[in-house]
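# Results of the structural survey
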Amino acid sequence: MPRKTCPCVLMLIWLSGAFLCVAVHDSVFAQARFTTAGDVLPAWVSEVGARSEPKGARTFSANAHGAVGDGVRNSTKAIQQTIDACSRAGGGIVTFRPGKYVTGALFLKSDVHLRLDSGVTLLGSQDDTDYPAIWTRVAGIEMNWPAALININDQHNVKISGGGMINGRGDKWWDRYWSTRLDYDPRGLRWAADYDAERVRMIVIWKSENVTVENLSLQRSGFWTTQVVYSDHVTVDGIKVSDNAGPSTDGVDIDSSSYVLVQNCDIDDDDDDICLKAGRDADGLRVNRPTEYVLIQNNITRHGGSIVAFGSETSGGIRNVVVYHNRGIGTSEGIRFKSARTRGGFVEDVLIRDLTMEKVSLPFTFSLNWNPGYSYASIPKDIKNIPPSWTVLAMPVTPAERGLCEIRNITIQDVEITGARRIFSADGLPDKPIVNVKWLNISAQGRLAGSIKYARDWTMRNVRLRTFEGDDLKVSNSDNVETPKVTKP
């Protein structure tokens, strides 16, 4: 199938007449490579997303292989047998009659289209044995972990779509996490809880290419909802994430992957709605694989930790990202940059444009010492039988300077904000300021202007803040940082 042209391309040509060619990554302190004087976007945005899809038209009925949509009987083996039969035949479409199908981990194969039509629901099995432990990456480190509900591992030309639903029934794993926290937090083990609770993710795309996840309703994931890790040319288009009130139920996580398109999604969850990641601490620095060439456009985010987050897993680096024409309604934070003193890596060459935020408490946050209780692993001396993942998490990053993340060359423009609590919350580090952030055409209304600490070379053009107290933006320990005009409403 010929690759579909990204929907934004024709509109961008109309706006600008041309795309900007992106220069090679030549210097860690180079200036941002996006033209901000007009409506030009980098040329690579036309190359993101899946370039091909499964071609086979033959259908394979899961019901014919014994799947039962009664919401009770376990259909894992029957559905997997259908997927395998479709793959052996050279590819095609796996279909279901309307119903609710209980299933554990499924492993999709190359050239297979898993089609969940309207009226079809996959229900996550509540039996732990239905999710075998496999080697994967979770929250920035590689480790054995339960397989996801839907797994696309080392495959190509795979699609999941159809308008149906996947309900992970994640309450079981949410409860497990909170029980783990109750035990671990008083013992100084907050940092280990996320790894030891072993919550089941919903969709994981691992070391694959040309994968499309499209037009699905995703609910109640046990952990992250859709993770794209070590993969390239992936499209996530038109998914609706809802009823995701459990901890760490991120909507879309792009993890050390490239040429990814996330568009037309409606995401409502309890953590970052869309998040870019690239590994944690020593293990992430070992892998050293960036997330790059990512286009995030035309999405709506609702509850959650952020509209778009960068980090906190930054070790392999995050670069060449465009966040275009998105809307946030009631998220805790808007654009969120976060890392820690042991993460290392960088976030650079990011363009955020045409963004609307309504009742977003903290529209712009930067933190290089984020969530210390989670970010820094220290194994108590009285602990015996230390799990392998703890050893990895506690591995020191040396020299210490290698653990400092660079945030630089960020352009944020054409933003409208209403109902904020604190507009700016930026905290670099004394030895690692946040460098070269350009702000253009920002109109923000909120209670407080906020503060900027440890920053360098920030420019502000047509940036207007309206705060109830009319207070100035507080800037400290910074060099060459411009400030906006602040008025009362």
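Quantities reported herein were computed from a predicted structural model and do not represent experimental measurements.

### Side note on the overall build of the protein chain
Summing up its helical and strand segments, the protein chain has 7 helices and 35 strands in all. Taken against the 2.2 N^0.38 rule, which gives 23 Å for 489 residues, the C-alpha radius of gyration of the protein chain at 22 Å falls within 12% of a compact globule. Dimensions of the protein chain, computed from C-alpha atoms along their principal axes, come out at roughly 65 × 65 × 45 Å. With 489 residues in all, the protein chain has 60% of them scored as buried. Long-range contacts, defined here as pairs at least 24 residues apart, represent 73% of the contacts in the protein chain between residues at least 6 apart. Of the roughly 18200 Å² of accessible surface on the protein chain, 50% is carried by carbon and sulfur atoms. Of note, the protein chain has its 56 positive side-chain charges centred 1 Å away from the centre of its 57 negative side-chain charges.

### Looking at the environment of Pro247
Within the element layout of this structure, Pro247 appears in the loop between β18 (240–244) and β19 (252–255). Overall, Pro247 belongs to the buried group, its relative accessible area being 6%. Along the chain, Pro247 and Ser221 lie 26 residues apart, while their C-alpha atoms are 9.6 Å from each other. If we skip the residues at most four places from it in the chain, Pro247 touches Trp174, Tyr177, Trp178, Arg199, Gly222 and Asp270.

### Observations concerning the nonpolar core
Ranked by internal contacts, the top residues of the largest apolar core, which has 97 residues, are Phe96, Ile150, Phe310, Phe364, Trp439 and Trp458. For this core, the element with the most residues is strand β30 (residues 406–427), which contributes 9 residues. What Trp458 contacts, discounting residues up to four positions off in sequence, is Phe366, Ala426, Ile434, Val435, Asn436, Val437, Trp439, Ile452, Asn480, Val481 and Glu482. In this structure, Tyr184, Trp224, Ala377 and Ile383 belong to the second largest nonpolar core, which totals 21 residues.

### Considerations on the confidence of the model for the protein chain
For the protein chain, per-residue confidence averages 93 on the pLDDT scale, and residues scoring 70 or more make up 92% of the total. Within the protein chain, the element-level pLDDT minimum falls on helix α1 (residues 8–16), averaging 38, and the maximum on strand β5 (residues 106–107), averaging 99. A low-confidence stretch, residues 1–38 stays under pLDDT 50, and its non-local contacts, those more than four residues away or across chains, total 83 contacts.

### Focus: the pattern of salt bridges
In total, this model carries 33 salt bridges according to the counting rule given. The closest approach of N and O atoms between Arg302 and Asp266, which form a salt bridge, is 2.8 Å. Here Arg302, found in the loop between β24 (300–301) and β25 (306–310), pairs with Asp266, found in strand β21 (residues 266–269); they are 36 residues apart in sequence, far enough to count as distant. Through salt bridges with shared partners, one network takes in Asp272, Glu333, Arg336 and Lys338.

### As for the side chain of Asn153
Within the secondary structure layout, Asn153 lies in strand β10 (residues 150–153). For Asn153, a relative accessible area of 18% puts it in the buried group. Among all residues touching Asn153, those that are not within four sequence positions of it are Phe107, Ile134, Val204, Trp206 and Ser208.

### Brief notes about the environment of Thr398
The residue Thr398 is located in the loop between α7 (388–393) and β30 in this model. The class of Thr398 is exposed, set by a relative accessible area of 56%.

### A few points about the packing of aromatic side chains
The relation between two aromatic rings is expressed through the spacing of the ring centres and the mutual angle of the planes. Evaluation of the coordinates by the stated rule reveals 19 aromatic pairs. Between Phe310 and Phe337, the ring centres sit 4.7 Å apart and the planes meet at 10°, which makes this aromatic pair stacked. With Phe310 in strand β25 and Phe337 in strand β27 (residues 333–338), this pair connects stretches of sequence that are 27 residues apart. What makes Phe337 buried here is its relative accessible area of 1%. Ring centres of Phe364 and Phe424 lie 5.5 Å apart, and the angle between their planes is 35°; on these two criteria the pair is classed as tilted. In this pair, Phe364 is assigned in strand β29 (residues 362–367) and Phe424 in strand β30, connecting sequence segments 60 residues apart. Exposure class is identical for Phe364 and Phe424. Each is buried. One Lys or Arg, Arg199, reaches over the ring of Tyr177 and ends 4.1 Å from the middle of that ring.

About the thresholds
Residues numbered from 1 in each chain as written. Predicted model: local features only at pLDDT ≥ 70, side-chain atom pairs only at ≥ 80, totals over all residues. Heavy atoms only, no water. Helix = DSSP H or I, 4+ residues; strand = E, 2+ residues; numbered from the N terminus. Rg over C-alpha atoms; globule rule 2.2 N^0.38 Å. Buried < 20%, exposed > 50% of the residue type's maximum accessible area, 1.4 Å probe, protein only. Contact = heavy atoms within 4.5 Å. Areas by Shrake-Rupley, 256 points an atom, 1.4 Å probe, with all protein chains shown as cover. Lys, Arg positive; Asp, Glu negative; His and termini not counted. Charge placed at Lys NZ, Arg CZ, Asp CG, Glu CD. Core = buried A, V, L, I, M, F, W, Y, C linked by side-chain atoms within 4.5 Å. pLDDT = per-residue confidence, 0-100. Salt bridge = Lys/Arg side-chain N within 4 Å of Asp/Glu carboxyl O. Phe/Tyr/Trp six-rings, centres within 6.5 Å; stacked < 30°, edge-to-face > 60°. Lys NZ or Arg CZ within 6 Å of the ring centre and 35° of its normal.

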